[in-house]
Amino acid sequence: MTQCDTSGTQRSCEEPSVHTPRRYLMCPPAHFAVTYSINPWMDPAKPVDLPLAVAQWESLRDTYRSLGHTVEELVPDPELPDMVYAANGALVVDGRVLGARFAHPERAREAAVHREWYRAHGFTRVREPEHVNEGEGDFAVTASWLLAGRGFRSSPLSHPEAQEFFGRPVVGLDLVDPRFYHLDTALCVLDDSRDDAVMYYPQAFSPGSRAVLARLFPDAVTAGEADARAFGLNAVSDGHHVLLPQAAVGLFGPLRERGYEPVGVDLGELLKGGGSVKCCTAELRG
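Residues numbered from 1 in each chain as written. Predicted model: local features only at pLDDT ≥ 70, side-chain atom pairs only at ≥ 80, totals over all residues. Heavy atoms only, no water.

Glancing now at the pairing of strand β2 (residues 70-73). If a strand is regular, its side chains alternate between the two faces of the sheet. Judged from the four bridges that link them, strand β1 (residues 23-26) and β2 form a sheet pairing that is parallel. From the neighbouring strand, Tyr 24 faces β2, where its bridge partner is Val 71. Crossover connection from β1 via helix α1 (residues 50-66) to parallel β2: handedness right-handed. (Pairing = 2+ DSSP bridges. Helix = DSSP H or I, 4+ residues; strand = E, 2+ residues; numbered from the N terminus. Right-handed = clockwise from strand over helix to strand, strands pointing away.)

The residue Asp 43 is located in the loop between β1 and α1 in this model. By relative accessible area, Asp 43 is classed as partly exposed at 31%. Distance in space between the C-alpha atoms of Asp 43 and Arg 96 is 36 Å, their sequence separation being 53 residues. (Buried < 20%, exposed > 50% of the residue type's maximum accessible area, 1.4 Å probe, protein only.)

Tallied over the full model, the rule gives nine aromatic pairs. A centroid spacing of 5.8 Å and a plane angle of 90° characterise the contact between Trp 145 and Phe 217, whose relative ring orientation is edge-to-face. Residue Trp 145 is located in the loop between β6 (139-141) and β7 (146-150), and its partner Phe 217 is located in the loop between α4 (207-216) and β11 (221-222); the two are separated by 72 residues in the primary sequence. Taking the centre distance of 6.2 Å and the plane angle of 80° together, the rings of Tyr 200 and Phe 205 count as edge-to-face. (Phe/Tyr/Trp six-rings, centres within 6.5 Å; stacked < 30°, edge-to-face > 60°.)

Let us now look at the state of the cysteines. Every disulfide links exactly two cysteines, by a covalent bond between their sulfur atoms. Scanning all chains against the criterion turns up zero disulfides. With no disulfide of its own, Cys 27 lies 9.4 Å from the sulfur of Cys 280, the closest cysteine sulfur. For Cys 27, a relative accessible area of 0% gives the class buried. Here Cys 188 is not cross-linked by a disulfide; its sulfur's nearest cysteine counterpart is in Cys 279, at 12 Å. (Disulfide = S-S within 2.5 Å.)

All right, on to the sheet that holds β2 then. Strand order in the open sheet formed by three strands is β2-β1-β15, and the pairing between neighbours is mixed. The open sheet has two edge strands with one neighbour each: β2 and β15 (282-283). In the packing of helix α2 (residues 110-120) onto the sheet, contacts are made with β1, β2 and β15, and the angle to β1 comes to roughly 140°. (Contact = heavy atoms within 4.5 Å. Axes fitted to C-alpha atoms, helices over the stretch in contact; angles between N-to-C directions.)

Moving on, we get to helix α3 (residues 158-166). Among the residues of α3, Ser 158, His 159, Glu 161, Ala 162, Phe 165 and Phe 166 are the ones counted as buried. Here the buried residues of α3 occupy an arc of 160° about the axis, which is enough to place them on one side. Residues of α3 that are buried in the fold lie against β3 (90-93), β4 (96-99), β5 (125-127), β6, β7 and β8 (170-174). Trailing α3 by a residue or two, Gly 167 shows a phi angle of about 70°, which is positive. (Arc of directions from axis to C-beta.)

Listed below in structure tokens is the structure:
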């Protein structure tokens with residue numbers, strides 16, 4: 001039985017946490033390399049150990065499958081080294097797909113590859129966006145809202161576009177620290193079905209956005225700088241298991257206190273490109 005949490009969380013104290021099987025899209029890092037720099041984490045002078053990157057990615061994929069989830073695989077393009085960050089290619093909600101429009105030309109061609117994959121795999125509502133957005137990099141789905149980041153990559157104009165397409169209320173959040181250039185580097189949705197549980201790093205957001213987050217998620221797990229720098233918020237939750245970088249040690253206790261089971265993984269080579277668990281994982285909802 002789950003230990004009762006006295007911090008005010010809305011999660012049940014009577015029933016153990018459960019999760020339903022999820023469906024994810026990932027792209028093997030067969031051609032992953034850091035040959036340019038479009039975020040503060042990327043340094044072309046630091047070589048990537050490609051066999052290690054592949055092994056770390058395969059371990060993440062196999063962990064999802066061991067937990068009962070389905071993982072589809074996108075064929076990597078040798079000219080697109082960042083395709084491993086599959087979450088950036090689209091946002092899928094209720095079977096509808098809002099494609100990406102990348103901010104940097106180095107990644108622009110990825111958008112069409114993702115749209116083609118979705119159309120080829122039975123998704124009939126696929127939209128090519130008018131405004132810059134980078135998929136689940138800057139959109140996060142909770143039970144009640146669609147959280148939308150802005151400030152470094154996605155255009156504020158992508159927020160009403162997403163609201164109109166999905167018919168879900170969008171809450172815009174301003175990112176102010178270039179190290180946390182996407183929403184998924186600073187915030188993770190822990191439960192998108194029963195409640196609106198999240199964890200986030202407050203200092204990545206503007207004062208007004210921090211106030212909004214505190215109002216919407218008063219019982220959220222908040223991360224310190226060390227765990228945020230370890231990309232601890234770039235995590236994936238199925239409602240019970242939370243897969244996150246094993247170096248984010250300060251988050252394991254608070255997650256357990258709230259009835260979640262943290263699962264530490266090592267994606268150190270992929271962090272050289274500015275991404276971790278969530279960046280590598282697109283969720284196929286509906």
